[in-house]
Amino acid sequence: MGYAEMQDLPEGSGQRESAAAKATWRRWVPLAVLVAASISALCILWYQGGVSFETIKQNSAWLHGQVNKAPLLSGICLFGLYTVVTALSLPIATLVTVFAGYFFGILVASLWVIGGATLGSVIVFLAARGVLHDVLMARAAPWLKRMEKGFQEDALSYLLVLRLLPIFPFWLVNLVPALLGVKLWIYVLATALGIIPGVVVYAALGNGLGTVIAQGGEPDFAIILDPAVLLPLVGLAVFALLPVAWKRWQRRRRADA
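Participant: Just checking my understanding: could you explain the nonpolar core for this structure?
Facilitator: When a protein is soluble and globular, its nonpolar side chains tend to lie buried together. By size, the foremost hydrophobic cluster in this structure holds 60 residues, and its most contacted members are L90, F99, F103, F151, L159, V182 and L209. Among the elements that take part in this core, helix α7 (residues 106-138) stands out by supplying ten residues, more than any other. Once you skip the residues sitting within four places of it in the chain, L90 turns out to touch S38, A41, L42, L45 and V85.

In C-alpha cells form, the structure reads like this:
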C-alpha cells in the first residue's frame, strides 16, 4: 500500500483494528486457560497413577468420618470437586459419582453432583461459546448454518437426547451447543434435567458399595450399558424427541394443505 492510499484511510482505522484484534484475543483467554488447566490436571493424574477405586476404598473410613462430622461442608466440597472435574473434563466423574452415593446416599449425592456437573458444564459452555461459534460460522458451509438453525429451533429436545444417551463423551456434548449458538438458559435446563438419570444410576450403585467392598469386589462401572438401564434411557430420549416430530408433522400437514 502506497503513501497516498494510506492517507485515504479513515482516521483512527488502525487503532480500531488494533482494538478489535485485542478484543478478539481476550475472548480466547478463558478457553485457553481452561484447556491449559485441563492438560495440567490430566498430566498430574497420569503422573500420580490416576485416582483408583482402591485408593478411595483405602481412605473410605476417614472420608466417612468427615462426611458424618460436617455433612454440609462435605457436600460443598463434593459440589466444588465435581464442578472442577466437569469443567476440566477429567476422566474420573463416574468414580466420583459412585463414591458420592456411597458416602452421602442416593438423594443427597445426586443433588450435589447434578449441581456441580451443571455448573462445570456452564463454565465450559461460556468459555467456548463466543470464540468457537464465531470461528466455526466464519468458515461454515451452508449446510452447517442450516443445521445450526434447526438445532436452535429444537435445542432443548436435542440436548436432552445428547445428555440422556451415553453415546458421546460428556466434554463433547458441552462444546456442541457452544458451537451452534444455543441459548444459555436452554443449555442449563437441558444439562440439569438430562444428567439426572445417569447420576442417579451411579449414585445408587455407590449406595450399595458397602456390600461390594465387604465381599472384596469392585463396582460395575459399565452398568449404564446394561439393557435394564439403557433401554429406559433410550425411551426417555425418544420421548424428548416427540416435540420435534410433532413440529415436523405439523409443518408437512400445513404444506400439503
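Participant: How should the side chain of T86 be read in this particular structure?
Facilitator: By the element assignment, T86 lies in helix α5 (residues 71-87). In contact with T86, not counting residues within four places along its chain, are G116, A117, G120, S121, V124, F170 and N174.

Participant: What is the right way to look at the packing of α5 against helix α6 (residues 93-104) in this model?
Facilitator: In helix packing, the relevant descriptors are the interaxial angle and the interaxial distance, both defined with respect to the helix axes. Orientation of α5 relative to α6, taken along the N-to-C sense of each, is 170 degrees, at an axis distance of 11 Å. Of the possible angle classes, the one that applies to α5 and α6 is roughly antiparallel. Residue-level inspection shows P71, S74, G75, L78, L81, Y82 and V85 of α5 in contact with α6, the latter providing A93, V96, T97, A100 and F104. In terms of residue class, the contact of α5 with α6 is made up of nine nonpolar, three polar and no charged.

Participant: Would you mind going over the side chain of S157 with me for this structure?
Facilitator: Inspection of the secondary structure puts S157 in helix α9 (residues 155-164). Those residues in contact with S157 that lie beyond four places of it in its chain are A240, P243 and V244.

Participant: What is the right way to read unusual backbone geometry from this model?
Facilitator: Peptide bonds are trans in most cases, and residues, glycine excluded, mostly fall at negative phi. We note that S89 has phi near 55 degrees; this positive angle belongs to a residue other than glycine. Exposure remark for S89: the relative accessible area of 31% places this residue in the partly exposed category.

Definitions and limits used
- Residues numbered from 1 in each chain as written.
- Predicted model: local features only at pLDDT ≥ 70, side-chain atom pairs only at ≥ 80, totals over all residues.
- Heavy atoms only, no water.
- Core = buried A, V, L, I, M, F, W, Y, C linked by side-chain atoms within 4.5 Å.
- Buried < 20%, exposed > 50% of the residue type's maximum accessible area, 1.4 Å probe, protein only.
- Helix = DSSP H or I, 4+ residues; strand = E, 2+ residues; numbered from the N terminus.
- Contact = heavy atoms within 4.5 Å.
- Axes fitted to C-alpha atoms, helices over the stretch in contact; angles between N-to-C directions.
- Parallel < 35°, antiparallel > 145°, perpendicular 65-115°, else oblique.
- Nonpolar A, V, L, I, M, F, W, Y, C, P; charged D, E, K, R; others polar.

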